Amino acid sequence: MLFEMGKIVPDPADAITRTEKEEPANPEAPKTEQELSLPISLRPSPLFSRRGGDFPHMRKNFGAKPWLYPQPVLIIATYGEDGTPDAMNAVWGGIADMNRIAMYLSGSHKTVKNILSHKAFTVSMADAAHVNACDYVGIVSGNTTPDKMARAGFHVTKSEVVDAPIIDELPMTLECKLISFDEESELLLGESVNVSADERILDSEGKIDPQKLQPISFDPVHNDYLVLGKKIGNAFEDGKKLK
């Protein structure tokens, strides 16, 4: 309070503004004893308050993990120096440009040696109908089991555009030429020169039908294979509703 000419007048510094009375826009929920006992990395984020709002749920931190959904299951097929077909299962890869594919593969794989020798390879989508065979070529090495393609029950036809085999049982295949392989980062880049598909997975318009293909993805958290789900929207179209 201030004294002015014998009168008591309010001090502006004592005033409580409206802003000071309001709660912060994103109040942090009070910590429970259980939360305080957790490591900092596992404590709930203050952005996710138990008081409600748009984000009522807490998050759990797992640290750096090679997790992403979906992770396609790629079956890479090559020819050995003696012409023996080989294949391996890989999940660390995907489309890198309009006509490029990128994969991270250890140089110790027979597949990588074959690619460097023939400068070519094919990549087929693993499907629900051949889960056992696709998993088998991923757990058995061509370095020690040269006939693993036959053991898997796979048959091959030589690609017409690259020096690599196409697995007959897998109906969708990218036929690729080697662009580069970096031994240090283990990044392999390939140029996709053709995509071929068996007629049994085409729709009435002659396009690839994912429901007929039934490609599988890898669940890195549980080490499971999952089949592609149903259609839920239209790309480059549904977002226009929010404009």
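Quick notes on the rules
Residues numbered from 1 in each chain as written. Predicted model: local features only at pLDDT ≥ 70, side-chain atom pairs only at ≥ 80, totals over all residues. Heavy atoms only, no water. Salt bridge = Lys/Arg side-chain N within 4 Å of Asp/Glu carboxyl O. Buried < 20%, exposed > 50% of the residue type's maximum accessible area, 1.4 Å probe, protein only. Core = buried A, V, L, I, M, F, W, Y, C linked by side-chain atoms within 4.5 Å. Helix = DSSP H or I, 4+ residues; strand = E, 2+ residues; numbered from the N terminus. Pairing = 2+ DSSP bridges. Axes fitted to C-alpha atoms, helices over the stretch in contact; angles between N-to-C directions. Contact = heavy atoms within 4.5 Å. Arc of directions from axis to C-beta.

### What about the pattern of salt bridges?
Charged atoms that come close allow side chains of opposite charge to pair.
Consideration 1: All chains considered together, the criterion is met by 5 salt bridges.
Consideration 2: The residue Arg-151 makes a salt bridge to Asp-147 at a minimum N-O spacing of 3.0 Å.
Consideration 3: Given the relative accessible area of 57%, Arg-151 is considered exposed.
Consideration 4: By relative accessible area, which is 36% here, Asp-147 ends up partly exposed.
Consideration 5: Across the pair Asp-198 and Arg-200 runs a salt bridge, and its minimum N-O distance is 2.8 Å.

### Notes on the nonpolar core
Consideration 1: Counting 20 residues, the largest nonpolar core has Ile-76, Ile-101, Met-103, Leu-105, Phe-121, Val-123 and Leu-188 as the members making the most contacts within it.
Consideration 2: Listed by contribution, the elements that provide at least two residues to this core are strand S4 (74-79), strand S5 (85-90), strand S7 (100-104), helix H3 (110-118), strand S8 (120-125) and strand S11 (172-182).
Consideration 3: The element best represented in this core is S11, accounting for 5 residues.
Consideration 4: Within the second largest apolar cluster, 16 residues are counted, among which are Ile-75, Ala-77, Ile-167 and Ile-216.

### Observations regarding the sheet that holds S8
Consideration 1: Taken in spatial order, the 7 strands of this open sheet run S5-S4-S8-S11-S12-S7-S6, and their pairing is antiparallel. Strand pairing shows two members of the sheet lacking a second neighbour, S5 and strand S6 (93-97), which therefore form its edges. Along the sheet, successive strands turn relative to each other by an average axial angle of 35 degrees, direction set aside.
Consideration 2: Bridge analysis of S6 against S7 gives 4 bridges, and the strand direction is antiparallel. Across the sheet, Ile-95 pairs through a bridge with Ile-101, a residue of S7.
Consideration 3: Sheet strands in contact with helix H4 (residues 131-139) are S4 and S5, and its direction is about 95 degrees off that of S5.

### Some points on H3
Consideration 1: Listed as buried for H3 are Thr-111, Val-112, Asn-114 and Ile-115. The buried side chains of H3 occupy one side of the element, clustering within an arc of 160 degrees when seen end-on.
Consideration 2: Buried residues along H3 sit in contact with S4, S5, S8, S11 and strand S12 (187-197).
Consideration 3: Residue Lys-119 follows H3 closely and has a positive phi angle near 60 degrees.

### Regarding the sheet that holds strand S3 (residues 71-72)
Consideration 1: Strand order across the open sheet formed by 3 strands is S3-S13-S14, with antiparallel pairing between neighbours. The sheet is open, and its two edges are formed by S3 and strand S14 (224-227), each paired on a single side.
Consideration 2: Taken together, the 2 bridges between S3 and strand S13 (residues 216-219) define a ladder with antiparallel strand orientation. In the strand pairing of S13, Pro-72 is matched with Ser-217.

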